[in-house]
Amino acid sequence: MGFASGSAAKMGFIRRFALWLLISSLADLRSGDGFYLPGSYPHEYQVGDALSVKEGIKDSAENLGELLMGDRIENSPYRFKMFTNESDVFLCGSNPLSSQDFDLLKKRIDEMYQVNVILDNLPAIRYTKKDDYVLRWTGYPVGVRAGDAYYVFNHLKFTVFVHKYEDANAARVVGSTGDAADVIQTTGKSGFGKPGWMVVGFEVVPCSFHHNAESIKNVKMYDKYPAKIQCDPITVAMKLTQNQPIVFTYEVAFVESDIKWPSRWDAYLKMEGAKVHWFSILNSLMVIAFLAGIVLVILLRTVRRDLTRYEELDKESQAQMNEELSGWKLVVGDVFRAPDHPLLLCVMVGDGVQILGMAVVTILFAALGFMSPASRGTLITGMLFFYLILGIVAGYFAVRIWKTLKCGDHSGWVGVSWRVACFFPGIAFLILTTLNFLLWGSHSTGAIPISLFIVLLLLWFCISVPLTLTGGFLGAKAPHIEYPVRTNQIPREIPPQKYPSWLLVIGAGTLPFGTLFIELFFIMSSLWMGRVYYVFGFLLVVLILLVIVCAEVSLVLTYMHICVEDWKWWWKSFFASGSVALYIFLYSVNYLVFDLKSLSGPVSATLYLGYSLFMVIAIMLATGTVGFISSFWFVHYLFSSVKLD
């Protein structure tokens with residue numbers, strides 16, 4: 001059994017072991033994401049076997065994603081033996097609380113710190129009742145505040161659910177249970193068989209019990225506490241008092257369960273609020289239907305009719321008609337004029353393709369069940385892997401768009417590829433390094449160690465950069481996209497507009513935001529409230545709907561701009577859908593103010609906003625790329641039927 005320690009978990013200045021037990025195991029309200037991985041295998045234990053208890057206090061093996069998330073797994077002093085029920089077990093006692101330790105514990109209780117306990121790779125689950133609903137939580141709080149008094153949870157009641165290893169020759173004989181350590185024996189038909197047991201559930205009930213500190217002077221660790229302990233989770237008794245010690249005890253009971261090992265994560269991943277997810281999808285479909293109606297009725301019908309009339313005229317009539325016409329037909333000689341800052345546009349589109357591809361592939365694998373919650377950090381590791389591999393796609397798209405903007409000239413493709421490889425990773429490196437200094441200053445386990453920084457830099461320069469350059473080379477060799485019309489030498493003057501175009505661009509982001517804001521709440525709760533996010537099937541559907549909405553929004557807005565003779569549509573098409581990131585950031589601020597009230601201090605708020613900024617930049621690049629590509633296709637299709645001499 002181990003502790004999952006998080007971003008503010010290690011308090012090195014707490015010298016006493018009992019306080020280390022309480023504080024160093026404080027969790028970072030983050031959980032592993034994903035579904036059950038079919039390739040995992042169960043651990044079989046014999047009666048009396050120790051359950052994942054290791055000697056000493058040391059870090060256990062972690063993967064790259066777990067390190068990036070700041071998760072640490074450490075051994076705990078709790079000692080379990082398979083199918084051995086124990087009660088009133090004395091664990092340890094602290095020295096009298098100093099003023100510094102007393103203030104720190106009160107602060108951690110106010111900040112709602114959680115302790116995540118893990119047994120056989122299963123987080124301890126806690127059930128609480130609110131009104132008529134039963135809520136599930138992973139871990140338990142350090143303590144609770146009642147009025148002006150603070151109470152600590154110093155007694156834990158563990159329940160371990162076990163399932164007999166499937167063996168046709170094994171039979172079970174259930175023994176009695178009592179206050180003392182009782183063992184449930186199992187034997188085979190001959191009396192010599194030793195069937196094993198698997199852990200399929202792990203629950204914890206935290207209690208606040210007032211121990212008699214004087215009675216433990218001669219009691220050793222794991223001995224029986226001198227008095228009977230009644231664990232009542234409704235009442236609290238152990239009040240934090242300065243210069244008073246804290247005594248820690250626990251009890252454990254084993255219960256045979258019908259739950260089979262492949263289904264042991266069902267308690268964590270049980271569907272709740274399915275109607276909310278379906279409502280989110282229905283809401284997205286309504287937005288899509290509305291925009292699709294605009295595209296089909298206004299664009300396809302009107303544009304096709306105008307094009308048909310235009311093509312039926314002879315050249316002389318077309319010239320006369322051009323003088324009388326207004327709207328998009330007048331910008332036919334300017335619509336493909338290169339935008340301002342074309343290099344930056346190509347770089348952002350390339351990075352957007354890479355991020356979008358990473359999101360789609362990762363969520364697809366998670367929806368298929370290949371991101372196991374039993375393997376903490378798998379989701380982050382998968383995202384990083386797919387991002388590195390998709391560098392080749394980013395380089396290809398960026399250089400091919402660059403070549404198209406330069407009408408077939410691929411010179412400078414190496415510089416474009418380098419910038420694609422360094423633009424978003426450079427922004428991420430800058431943000432994460434700044435936040436890492438704050439984490440180091442807070443002595444947090446969430447801080448990325450120097451060795452991991454070196455590993456990330458090696459992955460960046462040894463894998464991502466070469467693959468991006470390879471993709472750029474392929475893009476330079478690929479044929480450019482030919483424009484259907486010629487561009488005039490002298491740019492056409494854009495008539496004054498009744499309202500600023502940026503208002504439309506910013507307002508367009510509300511529609512994509514409307515498709516995902518419900519699902520966004522569950523994602524934020526998973527990241528910051530310690531809840532397991534598991535509905536990757538819903539998330540995949542929402543992502544597909546988001547891509548469709550972004551494409552439609554950008555397409556409609558581009559048509560509106562060229563209809564008022566504004567031929568500078570390139571950047572507007574990118575930010576029309578990319579502006580959804582602005583609303584996501586505002587939602588993050590709202591979530592900080594109203595849902596993370598316990599997040600105290602400028603450092604915590606800065607960390608939260610920094611990670612949110614990193615997230616919304618990635619979303620802006622991905623959604624903006626969808627809008628740009630859809631608008632480019634639309635404009636190319638629209639003017640492909642218009643011929644100029």
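For the protein chain, an unreviewed UniProt entry supplies the name Transmembrane 9 superfamily member and the organism Ensete ventricosum.

Between its terminal C-alpha atoms helix α14 (residues 536–563) stretches 40 Å, which fits the 40 Å expected from 28 residues at 1.5 Å a residue. With respect to burial, α14 is a largely interior element, 21 of its 28 residues being buried.

If you want to describe how two helices pack, look at the angle between their axes and the distance between the axes. Running from N to C, helix α7 (residues 342–367) and α14 cross one another at 150 degrees; their axes reach a closest spacing of 8 Å. Overall, the two elements α7 and α14 adopt an arrangement that is roughly antiparallel. Where α7 crosses over α14, the two elements pack in a sense that is left-handed. Between α7 and α14, the contacting residues are L356, A359, V360, I363, L364, A366 and A367 on the first element and F536, G537, L539, L540, L543 and V547 on the second.

On to the confidence of the model for the protein chain, then. Residues at a pLDDT of 70 or more form 77% of the protein chain, whose mean pLDDT is 80. Per-residue pLDDT, averaged within each element of the protein chain, yields its smallest value for strand β2 (residues 26–27) (34) and its largest for helix α9 (residues 391–405) (96). This model gives residues 3–39 a pLDDT under 50, and the stretch forms 155 contacts once residues within four places in sequence are excluded. Confidence drops under a pLDDT of 50 for residues 56–61, and excluding neighbours within four residues, the segment shows twelve contacts in the predicted structure.

Moving on, we get to the environment of D49. Structurally, D49 is set in the loop between β2 and α2 (64–69). Overall, the relative accessible area of 30% leaves D49 in the partly exposed class. In sequence terms D49 and F83 are 34 residues apart; their C-alpha atoms lie 8.5 Å from each other.

What counts and what doesn't
- Residues numbered from 1 in each chain as written.
- Predicted model: local features only at pLDDT ≥ 70, side-chain atom pairs only at ≥ 80, totals over all residues.
- Heavy atoms only, no water.
- Helix = DSSP H or I, 4+ residues; strand = E, 2+ residues; numbered from the N terminus.
- Expected span 1.5 Å × (residues − 1).
- Buried < 20%, exposed > 50% of the residue type's maximum accessible area, 1.4 Å probe, protein only.
- Axes fitted to C-alpha atoms, helices over the stretch in contact; angles between N-to-C directions.
- Parallel < 35°, antiparallel > 145°, perpendicular 65-115°, else oblique.
- Left-handed = near helix turned anticlockwise from the far one by under 90°.
- Contact = heavy atoms within 4.5 Å.
- pLDDT = per-residue confidence, 0-100.

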